[in-house]
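# Coordinates in review
The primary structure of each chain is shown beneath.
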Amino acid sequence: MPTWLIWVIVIIVVLAVIVAVVAMSRKRRAEQRRARADELRQEASTHAAGLTESERQAEELRAKADLAKAEARKAEQQAATAEEGHQVEQATYEDKLREADRLDPEVNTRSKDYEPDVWNDQRSDSATTTTAGQSPTTGAHRAPTSESPTTTGPETETTGPGTSGGTTAEDPTPTTRTRPPE
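All values reported here derive from a predicted model rather than from experimental measurement.

Scanning the protein from terminus to terminus reveals one helix and two strands. Shown N-terminal to C-terminal, the secondary structure of the protein runs as helices and strands in the order α-β-β. Across the 182 residues of the protein, 9% fall into the buried class. For the protein, long-range pairs separated by at least 24 residues make up 47% of all intrachain contacts whose partners lie at least 6 apart in sequence.

As C-alpha cells, then:
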C-alpha cells in the first residue's frame, strides 16, 4: 500500500472521529437545553396559578379605582350644584337685605361704603358690636337722626352677667364695646 493512501485513510478516519465528536457534543448540548427548557416550563406552570390570582386582583383593584373615580366625579358635581344653589340663595338673601335697606329711611344706601352686612343681620342687638351711625342689624350706615347718640369722646358699654345688657346664647362672656367719636 502506498503511503499517500495510508495518509488519506488516516485523514478520513480523523475527520470521521472529529465529526462524530462534534455531533455528540451538539446532541449533548441539545439535550441539556431541552432539559433546561423543561425545567423552565415546569417553573412557569407553577407560577401560572399565581398569574390568574394576580390578574383577578388587578382587575378587582381597577374596578374599585374606576368606581372611586365615578364617585369622586359625582361628588364634585354635587358640590358644584350645592355651591351654585348656595350662591343663588345668598344673592337672593342679599337682594332682600338691599331692598329692606333701600326702604328703611334710617339706612343711607347711597353712601360710598354702603354694603349690607349679610352675616350680622341674624344676631340680636345685644350680641352685635356696632359703631355710632351703623345699623345694629345690618351693619349699614344709617342717616343721623335725633335718636342717634352724639358724644365727644369714646363711649364704653359692658354687657354680661349681672349687667343690664345680659348675655346671649352665642356669646355667654361679658363683652366690652367701644364707640368711637363721630
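Predicted coordinates in areas of low pLDDT are best not read in detail. Of the residues in the protein, 64% reach a pLDDT of 70 or more, and the chain-wide mean stands at 75. Ranking the elements of the protein by mean pLDDT puts strand 2 (residues 175–179) last, at 46, and helix 1 (residues 3–103) first, at 93. Predicted confidence is poor over residues 121–180, with pLDDT under 50, and the contacts of this stretch with residues over four places away or in other chains come to 94 contacts.

For the structure shown, the criterion picks out seven salt bridges. For R41, the salt bridge goes to D38, with nearest N and O atoms at 3.7 Å. Remark: D38 and R41 occur in helix 1; sequence separation between them is three residues, near one turn of the helix. Judged by relative accessible area, which is 57%, R41 ranks as exposed.

Time to look at helix 1. Compared with the 150 Å implied by 1.5 Å per residue over 101 residues, the 140 Å span of helix 1 between its first and last C-alpha is a close match. Where helix 1 bends most, at A48, the angle is about 30°.

Turning next to a positive patch on the surface. Residues R26, R28, R29 and R33 make up a contiguous surface patch of positive charge. One can find R28 in helix 1. What makes R28 exposed here is its relative accessible area of 56%.

How each quantity is defined
Residues numbered from 1 in each chain as written. Predicted model: local features only at pLDDT ≥ 70, side-chain atom pairs only at ≥ 80, totals over all residues. Heavy atoms only, no water. Helix = DSSP H or I, 4+ residues; strand = E, 2+ residues; numbered from the N terminus. Buried < 20%, exposed > 50% of the residue type's maximum accessible area, 1.4 Å probe, protein only. Contact = heavy atoms within 4.5 Å. pLDDT = per-residue confidence, 0-100. Salt bridge = Lys/Arg side-chain N within 4 Å of Asp/Glu carboxyl O. Expected span 1.5 Å × (residues − 1). Bend = angle between axes of the 7 residues up to and from the residue. Patch = residues over 30% accessible without salt bridge, like charges linked within 9 Å, V, L, I, M, F, W, Y side chains within 5 Å. Areas by Shrake-Rupley, 256 points an atom, 1.4 Å probe, with all protein chains shown as cover. Lys, Arg positive; Asp, Glu negative; His and termini not counted. Charge placed at Lys NZ, Arg CZ, Asp CG, Glu CD.

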